[in-house]
Amino acid sequence: MTMLLEFKQVSKQYGTDTRALTDVNFAVKEGEFVSIIGPSGAGKSTLLRCINRMIDASSGEIQFNGTDILASKKSELKRLRTQMGMVFQHYNLVNRLSVIENVLHGRLGYKSTLEGILGIYSKEEKHQAYTILKTLGLEDQVYKRCDQLSGGQKQRVGIARALVQNPKMLLCDEPIASLDPNASKVIMDHLRNISTTMGITVIVNLHQVDTALKYSDRILGVNKGTIVYDGKPTGINREQLAKIYGSEIHEQQGELDELDELKDLIDLKELEGSHAR
Ligand SMILES: Nc1ncnc2c1ncn2[C@@H]1O[C@H](COP(=O)(O)OP(=O)(O)OP(=O)(O)O)[C@@H](O)[C@H]1O
Ligand SMILES: [Mg+2]
């Protein structure tokens, strides 16, 4: 497997006194499913947003598919961004537009400004958008306005909009933080499926440790802007969690209680040679 994404000594400083990331190093393989966990304010969103340069890192190097993102000029960056779909906690949909119109917005990165303004999409693009919506179980919602959808449905539209870009990678910032457990499971199952069957790399920021352990090939634990854990979900124990969450460990107490049980399950599934989910 080749490396798709590589962070080398990446730091990010906001203003003069907030250091959000310090000397971050990691690499992600093609097709990998990586979860980033850590307490509030650890730098998870900053890290994710540095990848597509929604936020500019202050120093270091970010390689994506062999190109240095930080050194990329505007047109090159536009091209690279088509390969990185972004999924947001609050969906970022245009509520007064239909589902299919929102999904087609994922094609804007491939168009001139004029084509974009006029909303010119080819038959193939519309067909692809419909096919993706069908895969995500939204074939009956295609012409509905987005403000008529449930949160879980909105997030599936968000995923469809990212997929219609034909990305190599999906960046998901707290994709299930606003959803109930059932809708969360549907979204995580879809993301895992996208990684496994389409070979798309998925990087997801999560607050829920149990979900991260269940779905991921790899966990990045972030504390105060540095990576304090980089490894398999099975390597996460109470000691590692304490390192990641520090003094905020109590916030994860409920999940800690379930951790041992969950890890037994993962071990068992690994023995059976399949993923636990
Ligand atoms: N635009 C900004 N200007 C100044 N400081 C910022 C900005 N965005 C984030 N920060 C600070 O950078 C640090 C990391 O923030 P970030 O949003 O990346 O954390 P996070 O891990 O995503 O937190 P959460 O779990 O609450 O979403 C925090 O101290 C935050 O206050
Ligand atoms: Mg965040």
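Located above this text is the structure these notes cover.
Values in this document were obtained by computation on a predicted structure and should not be read as measured data.

Undergrad: Got a minute to help me understand the sheet that holds strand β4 (residues 59-64) in this structure?
TA: Note on sheets: strands pair through backbone hydrogen bonds, and any given pair is parallel or antiparallel. Overall, antiparallel pairing links the four strands, which are arranged β2-β1-β4-β5 in an open sheet. Two strands bound the open sheet, and with one partner strand each, they are β2 (18-29) and β5 (67-68). Alignment of strand β1 (residues 3-14) against β4, held across five bridges, turns out to be antiparallel. Across the sheet, the residue bridging to Glu-6 is Gln-63, located in β4.

Undergrad: Please clarify how the packing of helix α6 (residues 151-163) against helix α7 (residues 181-198) should be interpreted in this entry.
TA: For any two helices packed against each other, the geometry is given by the interaxial angle and the distance between the axes. Their axes nearest at 9 Å, the elements α6 and α7 cross at an angle of 15 degrees. With respect to each other, α6 and α7 are oriented roughly parallel. The way α6 lies across α7 gives a crossing that is right-handed. Along its contact with α6, which presents Gly-151, Gly-152, Gln-155, Arg-156 and Ile-159, the element α7 presents Ala-183, Val-186, Ile-187 and His-190. Of the residues assigned to the contact of α6 with α7, the class counts are four nonpolar, four polar and one charged.

Undergrad: Explanation requested: the site of ligand 1 in the structure shown.
TA: Around ligand 1 lies a shell formed by Tyr-14, Gly-15, Thr-18, Ala-20, Gly-38, Ser-40, Gly-41, Ala-42, Gly-43, Lys-44, Ser-45 and Thr-46. Secondary-structure elements contributing two or more residues to the shell around ligand 1 are β2 and α1 (44-51). The dominant element in the shell around ligand 1, judged by the number of residues it contributes, is α1, at three residues. Here the shell around ligand 1 is built from residues that sort into three nonpolar, eight polar and one charged.

Undergrad: Help me understand the sheet that holds strand β6 (residues 84-87), please; the structure alone is not making it clear to me.
TA: Taken in spatial order, the six strands of this open sheet run β6-β7-β8-β3-β9-β10, and their pairing is mixed. Since the sheet does not close on itself, it has two edges, and those belong to β6 and β10 (226-231), each with one partner. Between one strand axis and the next, the sheet turns through 15 degrees on average, direction left out of account. Pairing between strand β7 (residues 169-173) and strand β8 (residues 201-205): five bridges, direction parallel. Opposite Leu-170, over in β8, you have Val-202 as the bridge partner.

Undergrad: Just to check I follow, could you spell out α1 for this structure?
TA: Since the α-helix advances by 3.6 residues per turn, residues separated by three or four positions end up pointing in the same direction. Burial of α1 is extensive: six of the eight residues sit out of reach of the surface. Turning to α1, its buried residues are Lys-44, Thr-46, Leu-47, Leu-48, Cys-50 and Ile-51. Phi for Arg-53, located one or two positions after α1, is positive at around 60 degrees.

Rules and cut-offs
- Residues numbered from 1 in each chain as written.
- Chains lettered and ligands numbered in written order.
- Predicted model: local features only at pLDDT ≥ 70, side-chain atom pairs only at ≥ 80, totals over all residues.
- Pairing = 2+ DSSP bridges.
- Helix = DSSP H or I, 4+ residues; strand = E, 2+ residues; numbered from the N terminus.
- Axes fitted to C-alpha atoms, helices over the stretch in contact; angles between N-to-C directions.
- Parallel < 35°, antiparallel > 145°, perpendicular 65-115°, else oblique.
- Left-handed = near helix turned anticlockwise from the far one by under 90°.
- Contact = placed C-beta atoms within 7 Å.
- Nonpolar A, V, L, I, M, F, W, Y, C, P; charged D, E, K, R; others polar.
- Near = placed C-beta within 6 Å.
- Buried ≥ 20, exposed ≤ 12 C-beta atoms within 10 Å, placed from the backbone.

Function cannot be read off these values alone, since they describe shape.
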